[in-house]
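# Residue-level structure breakdown
Residues per chain, in single letters:
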Amino acid sequence: QVHLVESGGGLVQAGDSPRLSCVASGRVFFSSTIMGWFRQAPGKEREFVAAISWNGDMTLYEDSMEGRFTISRDNARNTLYLQMDSLKPEDTAVYYCAARAKGWMSRDHADYMYWGQGTQVTVSS
């Protein structure tokens, strides 16, 4: 079993640049696991944010978020990050980290087997 725990969310102001973290534990070889971030706003479907390769040398972003959000990882700490810059009220959502059991980076949430409980990010205008 893989356990993922996100942190770093909360109430922020528009224009702020918080960083989310996700720590992996359990039966996980973190350095060989594709990781991703998704988000879900109230009344909307879960939305892909970004994904990152095993060693972090390749990344994939949702088009509308590329340039404002940066995904990264520290394999020595089993930790995934999402740096969010210039936040807007429409970025308000629960942000989830996810891990794939096998395969490559994907935008489809169905491809990810393990999920954290999510961290709420609320952006006030």
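Because the structure is predicted, anything quoted here is derived from the model rather than measured. (Residues numbered from 1 in each chain as written. Predicted model: local features only at pLDDT ≥ 70, side-chain atom pairs only at ≥ 80, totals over all residues. Heavy atoms only, no water.)

## Observations regarding the sheet that holds strand β8 (residues 79–84)
Strand order in the open sheet formed by 4 strands is β1-β3-β8-β7, and the pairing between neighbours is antiparallel. Two strands close off the open sheet at either side, each with one partner strand: β1 (2–7) and β7 (69–74). In this sheet, adjacent strand axes meet at a mean angle of 20 degrees when their direction is disregarded. For strand β3 (residues 19–26) and β8, the ladder comprises 5 bridges, and the chain directions are antiparallel. Along β8, the bridge assignment pairs Leu 20 with Leu 82. (Pairing = 2+ DSSP bridges. Helix = DSSP H or I, 4+ residues; strand = E, 2+ residues; numbered from the N terminus. Axes fitted to C-alpha atoms, helices over the stretch in contact; angles between N-to-C directions.)

## What to know about the pairing of β7
Two elements, β7 and β8, share 6 bridges in a ladder whose sense is antiparallel. From the neighbouring strand, Asp 74 faces β8, where its bridge partner is Thr 79. Taking the residues that link successive antiparallel strands as the turn, the β7-β8 hairpin has 4 residues, and the phi of Asn 78 there is positive, at about 50 degrees.

## With respect to the state of the cysteines
Using the criterion set out here, one finds 1 disulfide in the structure. For Cys 22, the disulfide goes to Cys 97, at an S-S distance of 2.0 Å. Of note, the bridge from Cys 22 to Cys 97 carries an S-S torsion of about 45 degrees and is right-handed in sense. Placement of Cys 22 in strand β3 and of Cys 97 in strand β9 (residues 93–99) is noted, with a sequence separation of 75 residues between them. Like Cys 97, Cys 22 is buried. (Disulfide = S-S within 2.5 Å. Buried < 20%, exposed > 50% of the residue type's maximum accessible area, 1.4 Å probe, protein only.)

By themselves these figures say nothing about function.
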